[in-house]
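Fold and geometry: a report
Listed here are the chains, written in short residue letters.
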Amino acid sequence: MPPAKTSHVCLPCRASYKQPRLGTGESARRCPRCAGPMIEAGAAFQPPRRGDTAGWRVLSVLLNAGVRFRMGCSDGPGYRPRTLSEVRERMTYARRTGEPFARALVRPELP
């Protein structure tokens, strides 16, 4: 049986590649275009279009905060913000309440 594949993202190139999961002790995969390090995004990841600047900015914030797109038991990765205004709302909420930034980003609704 072949190894499971997951998406790896190069933010500077705005590119996503399906590759085998990283093994323990393995360093980050390298982008085939720029040879820079790629971030493992998860199996449920759907990249924005290359020309969608705002979408890639949102994705950059999510990945740099440690949010990944892993499959849940039955409903996919769960809520992820799609617009910069949703990201800003959650950043403000996290600063105001002291909640970790990554946890605030995946909240479906803010109290």
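Residues numbered from 1 in each chain as written. Predicted model: local features only at pLDDT ≥ 70, side-chain atom pairs only at ≥ 80, totals over all residues. Heavy atoms only, no water.

**Things to note about the overall build of the protein chain**
Within the protein chain, the regular secondary structure consists of three helices and three strands. Each helix and strand of the protein chain, ordered N terminal to C terminal, gives the series β-β-β-α-α-α. C-alpha extents for the protein chain along the principal axes are approximately 45 × 30 × 25 Å. The burial tally for the protein chain puts 34% of its 111 residues in the buried class. Just so you have it, the protein chain exposes about 7,000 Å², and 52% of that area is on carbon and sulfur atoms. Where the 20 positive side-chain charges of the protein chain centre and where its 8 negative ones centre are 7 Å apart. (Helix = DSSP H or I, 4+ residues; strand = E, 2+ residues; numbered from the N terminus. Buried < 20%, exposed > 50% of the residue type's maximum accessible area, 1.4 Å probe, protein only. Areas by Shrake-Rupley, 256 points an atom, 1.4 Å probe, with all protein chains shown as cover. Lys, Arg positive; Asp, Glu negative; His and termini not counted. Charge placed at Lys NZ, Arg CZ, Asp CG, Glu CD.)

**Remarks on the pairing of strand S2 (residues 15–20)**
Across six bridges, the pairing between strand S1 (residues 5–10) and S2 is antiparallel. Pairing of Thr-6 across the sheet is with Gln-19, part of S2. The turn linking S1 back onto S2 is made up of four residues, and Arg-14 within it adopts a positive phi angle of 55°. (Pairing = 2+ DSSP bridges.)

**Examining the environment of Met-38**
Relative to the helices and strands, Met-38 is located in the loop between S2 and strand S3 (39–42). Taking C-alpha positions, Met-38 is 11 Å from Arg-14, a pair spaced 24 residues apart along the chain. Setting aside residues no more than four positions away along its own chain, Met-38 makes contact with His-8, Val-9, Cys-10, Tyr-17, Gln-19, Ala-28, Arg-29, Arg-30, Cys-31 and Pro-32. (Contact = heavy atoms within 4.5 Å.)

**Some words on helix H1 (residues 53–64)**
Given 3.6 residues to a turn, an α-helix orients residues that are three or four positions apart in the same direction. Compared with the 16 Å implied by 1.5 Å per residue over twelve residues, the 16 Å span of H1 between its first and last C-alpha is a close match. Residues of H1 that are buried include every one of Gly-55, Trp-56, Val-58, Leu-59, Leu-62 and Leu-63, and no others. Looking straight down H1, one finds that the buried residues subtend no more than 160° of arc, so they occupy a single side. Looking at the buried residues of H1, the elements they touch are S1, S2, S3, helix H2 (84–97) and helix H3 (101–105). Just downstream of H1 lies Gly-66, where phi reads positive at about 95°. (Expected span 1.5 Å × (residues − 1). Arc of directions from axis to C-beta.)

Geometric descriptors of this kind do not, in isolation, establish any biological role.
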